[in-house]
Structure formats: C-alpha cells, structure tokens
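Chain and residue survey
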Amino acid sequence: MKYNFTNEIHSEGVELSNITAQGFKSACVTINFVLPLGDRASYYALVPGVLTRSSQKYPDVTAIERKLALLYGAELVADISKVGENQVLKLGVSCIDDRFAFDGESITAECSDLLFELIFNPLTENGVFSAKDVESEKRLLCERLDAETGDKRAYAKNRCEEIMFGDEAYGIHRLGSREVIESITPEALFEAYKEILANAKICVCVSGKTDYEAVKNMLGKYIGSVERDLLTTETVFVEKAEDVTYQKESEPVKQGKLVMGFRLGMSDADDNYAARRIMVDLFGGSPHSKLFTIVREKMSLCYYCSARMIRQKGIMFVQSGIESYNEEKATKAILQQLEDIKNGNFTDEDVEASVKALEDTFKSVSDSPEALDTWFMSQCVSGDYKYPEDFIEEFKNVTREEIIKAASDVTLDTIFMLEGNAKGGEADE
Amino acid sequence: MSENVINYIENSILEEGYYSIKHKSGLQIYVYPKSDYASAYAVFGTKYGSIDTRFKRSDRENFTEIPAGTAHFLEHKLFESEELDAFQRYAKTGASANAYTSFDRTCYLFTCTGNFKANFEILLDFVRHPYFTEETVQKEQGIIGQEIDMYKDSPEWECLFNLLDAMYINHPVKIDIAGTKDSIAEITAEMLFSCYDTFYNLSNMALAVAGNTTVDEVLEVADRLLEADEYVTVERTFLEEPSHIVKDYVEENLPVVTPVFALGFKETHSTPERTLEEEVAMSVILDILAGQMSPLYKELLDDGLVNNTFSTEYFHGHNYAAPLFSGESVNPREVADRIKKAAKELKSTLITEEQFETVRKKQYGKTVRAFSDVDTVANALVVSHFVDEELFSEFEVIKNLKLDFVNEILLKSFDEETAALSVVCGK
C-alpha cells in the first residue's frame, strides 16, 4: 500500500513517528523504550507485564480485557526484544479502523488513551506497584523463560548465544534470568519503571488513521513531567572469531539440534550490509539456498537447516535439526557450503533469486500498519530511518565479487550441539 | 466446451468483494482483488487431509484404505518434477512458496510482490503434474521420518495428539498428520498416484487468489493451463465413532519445565459438520467461559495456575468436534477441575445479554481484521468452499446470532463424562 512516514524529535531522546495510508482496516500505536542491555535486563523485562496487568482506571486483567473487547477486540502488545546490545520494550495497542465502529465512536482515540493510561497511570500501593501483580508477573516471566528451555530449538539457540557472547552484553537474554527475576521486590521494580521513563530512548509510532496530534499532546503531557536523563549504548562489533568454541549437551529428545554462531566481519550495522545479506540468503536464507537444496534436500542430513543474519550485531546463526549421529557430517557439509560461496560456486541466477526473494519480503512490509510499525521501530535505536525500497536498490547493485568477499569475511565462533538420547520411534504411552 | 461463469460478491461493511468463478475446467476459482496491496497470495487446495484414509472415486467399485500420513507425503512429493522442483522454479520468478496438510485439506501456496502470472503458472503446473518414482518415494521416507521425530519433541503437538488418542476410538483425527514411521514405510509410488487420481480431481479442489491481481490475469492463466477433468466425486467413509472416550487422562514425559496440558470435551452430533452458527456460538461461549476477561481466567492467573499461553479453541471437522482448553500449568488437574466447575456454573446462570453483546463486538472486530491479510482471506475462501459456506456470511451470522441459541448450545456442551485431559510433563 502507498503510505507516508514522518518522524520528528519531540525532545531529547523522545521521537514521534507517523505512518499514514488510505485503506488500512486497522490502526496501531506503539511506545518503544530503548535501553542499554545490561544487568538491569530482568527488571526492565518485568515492567511491560506489570503495566499491562492493571492501572488506576482498570484495576485488574478483567477490566482491561473487557475494555479491549468493547473496543471491538483491540489487542495489547507487550513485547521485549534485543536490538544489538539494546533491550527494546514495546507497548502498544492495535485495533480496527474507526470507520467500522457501530455508532461512529473513535476506536483509535480510545485505544491511545488506554495505552497511555496503562503506561503512565499504573496501579500503586504505598507508592509502588501492587505486590500481587508483581508476584504474578514474576511467575509469568519465569514460565516464559522455562518454555524456551522446553522448546529445544530455542534452547539450543539460547545456549549458543550464551557461550558465544560470554563477555559481551549481547549474551544477556532479552527476558533476563530466573535468579534475578525471583528476587525482584515491588519497590525495586517501581525504581526500574522510573529508570525506564527517565533513561530510555522513547519512540512513539502512530500508524493508520489515528489522531496524531492527540497522541503528541498526550506524550507531551506525560513525558513533560518526567526528569529525563537519556542513557545510550554502542553495540560492540567483534569482526573476527579467534578460535572455535565447542560445547555439547545431552537431553532425552529424539532430534538433535546443531547451532553454529559466526562473526560476519562487520564493523557496524551498515558495513557492506547489502552484500552480506545476499550472501546469507544464498547460503541458508531461502529454499533455493545451499543449506536447503544441498544439506537438506540432496544430502538428507536434516529436517531444517537455515542461516539467519543479525545485522545489529554483525553475526549469523545456522540452526539445524539433525539425527545426533550425523553431527560431524552435518557440520562439515554446512561449512562446505560456505566455502563454496567463497570459491564463487554460485550462479548469477542464484543471486538474482536472492535479490527477488529479499525484494518480496521488503516490499510486502507496506501491506499492514503492524508490519510498518515493526519495520520502522526496529530502526528506532539508531534513529536513522530507511524505507524498505532503499534496501531493494542496494540489493540490486550487489556484485558477485562483493558476495564472495562477504563470505570470506565470515569466521566460525561457536558450535553448540544438543544431542538427543531418546529412543526413536513411537512415544511412550 | 462450456464457458466460465463469474459472479461478484460484495460486502457492504468492508466495501470490497470477490469474484466467484465456476471455471469451465470444473474448478471453483475465487479472486479477491486488493489493488492497493503490494503482495498477492494464491492457494490451490484439495479437500484431502490426514483423516481421509478410507474412500473411493464415484466411478470405482471398491473402497481403498491407505496408510496414515499419505496426504502429507503426497504434498511433499508434488513439489518435485523430472527437471526443476517447484522451489527452484519459484526462485527464478521470485515468490515465497509453501504447502501444508491439515486434517481435512492439502494446500499449495505462494506469495509474491511481482511477476504474479509467472508464479501462478508454476503453481497450476506443478500441482497438475505429479512426478515420483519408487526411488524418490524412498528418499522422502527419510526426510518425513525426521519431521515426525521433530514433532515428537514438541510438547504442544504431543499433548494434542495424546489428547485426541484418548478421546477418539476409531476416528483417524487421532493419528499424527504426518503419520508414523511405520505407516509411511508402507507408502508406494503407485499408492500416491491412486490418491492423486482421486483427490486431485478439479471438482474436489478450489483455487483462491487475494491481493494485487485481477480476474483477467487469473483467468488468462487458468484458461490456458487448466484442462477439464472428468467429473467425479469422492466418497469417504469412516468407521463408526462411539460417543464415549478411551480414557480420561493421559500423560507423557518430555523435558519441559512447566507441564503442558490440553483438556477436551468430546461431542457427538447427528450431522458430520458444524454449521457456521454453531461455530460462532461456541467461540462466544468459550470466550465468556475462559477468555481473558472471564472470572475463571483471572482466578487461574491469580492462583498461579495458568500463564499467557492459556487458550481455547473449538476443534472440529468431519465427524469430530470438541472444545479444547490448553496451556501450561504446574497443576493441570486442578485447572481441569476448575474449568469443569466454571462450565457447570455458567450452565446454571446462563450467558447474560451484557456478556453476549461485549463478546459479539469483539468477534465482529476480529472478523473485520481478518480481511486485512491476503493469506487469511485466500485460505478462508478455500476453507469456506470446502464446507459449502460463503466467505462473508460470518458477518451476517455474528449480526443475527441470538443469545437463546448460544445458551441452548451451552446447555448441551461440556459433558464431564466425555472429558479427557492430556499432560506432558518432565520426569
């Protein structure tokens, strides 16, 4: 869809973006808090849950959910992610467009009100968060961490990250750690909440047909009363791995998980991004990639095997599900595909296919306000907002030599193997 | 040769609509244009899923019984051809392609932001031209074996299928969609051709396209590539399913920290499929009983018994139906007891007008929202076709739904005698 994006600086470290388009059936408002990823991660990760659990006007989950239902099934967003060595807390509401309301009421205006109410008017007892809500949200956050331990694909990836970034902030889990979460008191959490309001870079994004000026006024009202002290961080880019770290664990699962972490040789997030992105796609990003067509299809070494680039840290992960006895074969085959790219063993058609695939992904961003919000807000850390189209042009101009060079810059840093020691065949009754 | 018959169906709330085309080849085609979108999404589906294991073509004498997992196996194999496989062909034209097999259908799809016609040609071509040999079938047995193993490690997947196995005595819904390593070992190339011949007849299929394309583009390709099949129908047969369950509790050990559970209430109906009215009514009931604004949800949350993964679903298809409650809990039995208790209470107080109107608003909003995504729209067109419903009728159903009808359904539901609980927990 045709859309228009604007961005303005509200005050130091506070930005407002507006995405408008004709015809969207939904609208959304998100408030993104960018914080340095560090030892406060567990505290910060707990705040979104507590804020969306209750407020002064809506004292419990039932009241909030009832309000959302009356707003035609509006949805709350409370997401925590890692962007480079930043922890980003995203709180938002998305709803259907006002034209669908039964009685001409403004759904979007009420949704923005609700979002600001939840973030800035929390329910308090003796000046801090309600103890009951904090305890309950601590449990929920710990169970989210536990679920990642139960999901072996996620677990293996998390372990690889922990090992690979032992000395770097990036090794910290976006949700923090169970030990710290369990120790958090309502008083300490309220302090963390105040830190977030004071220290975070705050990016508000209004998408769809929502009254932008009203949101801007509300932001002014709430942020105006906060004494701000902006804290930012620079993500460390380690260009080369010194040697390969290997770790193996064993669990009673059927399928083994092999995760390999690589350094891409980037000095910052923009360092030859386009060529590297295409190289990763050729290597293991799409169904025509080498990992898919050769390691999975031709050699039948795994059920899934793919590579993903993390631009904001200059790294790449290969994740695969294999029979544990195939570990050595699979590792060798995966590394061989990278060698092949270094040696120029790929066709111009392969490159073209990657460019087309990326073009497809980037272009379709414009089809929903939620996707546009995600696209632009993922860039709020740097504040250097690019359009999907900007990258498409860059992809088209990448040469063979640049791709070969990008592959030559890659070094293997860490291998984590989760060996499955359960018997094959049917599950026990 | 007959001509294409084209109808336009419009919805006044959304102010948009779609073309329903009875194509001269015998295929039902739907085109939902969204000219302001960057992407287009196409899905070509057959009404053939994992539960279709006993069937015959209307022009054949005898019923055939096939091994579990054949529909899914065939899906994997159709991507191959003698030369380039479908993925390689799509890579040249620039589309992101996939396929899925569910209990009652197999669908092939792609999404793209350019080159629609070229991509669409590939879709129609490979689905219409099966190619496999004994050798390629054998190779696939290895790949799918891995897939089956992977699902065996998934606590949620295992929990669901253990529940179905506890609830159903004969119905094939209880068997993993991909089958078992033993069942897929029985699959041969000949068997796949015979299934293809039966289920991939155009009269048993549907094609839907949504997004940045036009009827003319779609029909230009369809007219050129689709040759009429001889008209046949598929007869399916199922072993009779008793109304009772196998067992009320099943447990499996997997390395999870918080146990995963699923509670289901097996229903028996006199007709094989649930109507859209029944489906919407049940989702209203489930939302009021256990949705996030229900007193039950708050109580379970406050008492540390569920987390944000708690959800409800009306699980139903041909000859099976069961409201399901699933999630993670340190004490699944206690959760199950509380759900049963809350259902009993709701049956005695009944749903109030106020609760009903609140949830109706929510349902309406969700329905409007669903029409934003080209993939949701295209898949919904295929699904509605297979159950003989019109895509927009959900709006009418929500608007005209009566509280009395919802309460009537409530009173017939949640029979504790047919409830089963499945738990996956650590050792």
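Residues numbered from 1 in each chain as written. Chains lettered and ligands numbered in written order. Predicted model: local features only at pLDDT ≥ 70, side-chain atom pairs only at ≥ 80, totals over all residues.

**A few points about the environment of Asp360 of chain A**
Residue placement: Asp360 of chain A occurs in helix 12 (residues 348–363). Placed 240 residues apart in sequence, Asp360 of chain A and Phe120 of chain A show a C-alpha to C-alpha distance of 39 Å. If we ignore the near neighbours within four places in the chain, the residues touching Asp360 of chain A are Gly94, Ala95, Ser96, Cys112 and Thr113 of chain B. (Helix = DSSP H or I, 4+ residues; strand = E, 2+ residues; numbered from the N terminus. Contact = placed C-beta atoms within 7 Å.)

**Description of the sheet that holds strand 3 (residues 28–33) of chain B**
All names here are of chain B. The 7 strands lie next to each other as 1-2-3-9-4-8-7, forming an open sheet whose pairing is mixed. Edge positions in the sheet fall to strand 1 (5–11) and strand 7 (96–101), since each of these pairs with one other strand and no more. In this sheet, adjacent strand axes meet at a mean angle of 15° when their direction is disregarded. In the sheet, strand 2 (residues 16–22) pairs with strand 3 via 4 bridges, with the strands oriented antiparallel. By the bridge assignment, Ser20 is partnered in strand 3 with Tyr30. (Pairing = 2+ DSSP bridges. Axes fitted to C-alpha atoms, helices over the stretch in contact; angles between N-to-C directions.)

**Some words on helix 11 (residues 332–349) of chain B**
Counting along an α-helix, one turn takes 3.6 residues, and residues three or four places apart therefore face a common direction. Residue and element names in this part refer to chain B. Taking 1.5 Å as the rise per residue, helix 11 with 18 residues should run 26 Å; its terminal C-alpha atoms sit 26 Å apart, in good agreement. Those residues of helix 11 that fall on the buried side of the exposure criterion are Pro332, Val335, Ala336, Ile339, Ala343 and Leu346. Along the axis of helix 11, the buried positions cluster into a sector of 100°, meaning they face one direction only. Exposed positions of helix 11 whose direction lies more than 90 degrees from the buried face are Lys341, Lys344, Glu345, Ser348 and Thr349. Phi turns positive, to about 65°, at Leu350, one or two residues after helix 11. (Expected span 1.5 Å × (residues − 1). Buried ≥ 20, exposed ≤ 12 C-beta atoms within 10 Å, placed from the backbone. Arc of directions from axis to C-beta.)

**A few points about the domain arrangement of chain A**
When the parts of a complex come together, some accessible area is lost, and that lost area is often taken as the interface size. Residues and elements named next belong to chain A. Domain boundaries assigned for chain A yield domain 1 (3–224) and domain 2 (245–420). When each unit is reduced to the centre of its C-alpha atoms, the spacing between domain 1 and domain 2 is 29 Å. Taken together, the contact pairs 32 residues of domain 1 with 27 residues of domain 2. Mapped onto the side of domain 1 that touches domain 2, the elements with two or more residues apiece are strand 1 (3–11), strand 2 (14–21), strand 3 (26–36), strand 5 (86–96), helix 5 (152–164) and strand 8 (201–207). In terms of residue count, helix 5 provides more of the side of domain 1 that touches domain 2 than any other element does, 9 residues in total. Residue composition of the side of domain 1 that touches domain 2, by class: 16 nonpolar, 10 polar and 6 charged. (Domains from an automatic or database assignment. Nonpolar A, V, L, I, M, F, W, Y, C, P; charged D, E, K, R; others polar.)

**Considerations on the pairing of strand 10 (residues 256–263) of chain A**
Residue and element names in this part refer to chain A. Strand 10 sits mainly inside the fold: 8 of its 8 residues count as buried. Neither face of strand 10 is open: one carries Gly256, Leu258, Met260 and Phe262, the other Lys257, Val259, Gly261 and Arg263, and all of them are buried. The pairing of strand 10 with strand 12 (residues 315–322) spans 8 bridges and is classified as antiparallel. Considered in strand 12, the bridge of Gly261 is made with Phe317.

**Focus: the domain arrangement of chain B**
Residue and element names in this part refer to chain B. Along its sequence, chain B is carved into domain 1 (5–236) and domain 2 (249–425). Taking only C-alpha atoms, the centre of domain 1 and the centre of domain 2 are 27 Å apart. Each side of the interface is counted separately: domain 1 has 40 residues, and domain 2 has 31 residues. Contributions of two or more residues to the side of domain 1 that touches domain 2 are made by strand 1, strand 3, strand 4 (40–46), strand 8 (106–112), helix 5 (155–167) and strand 9 (205–211).

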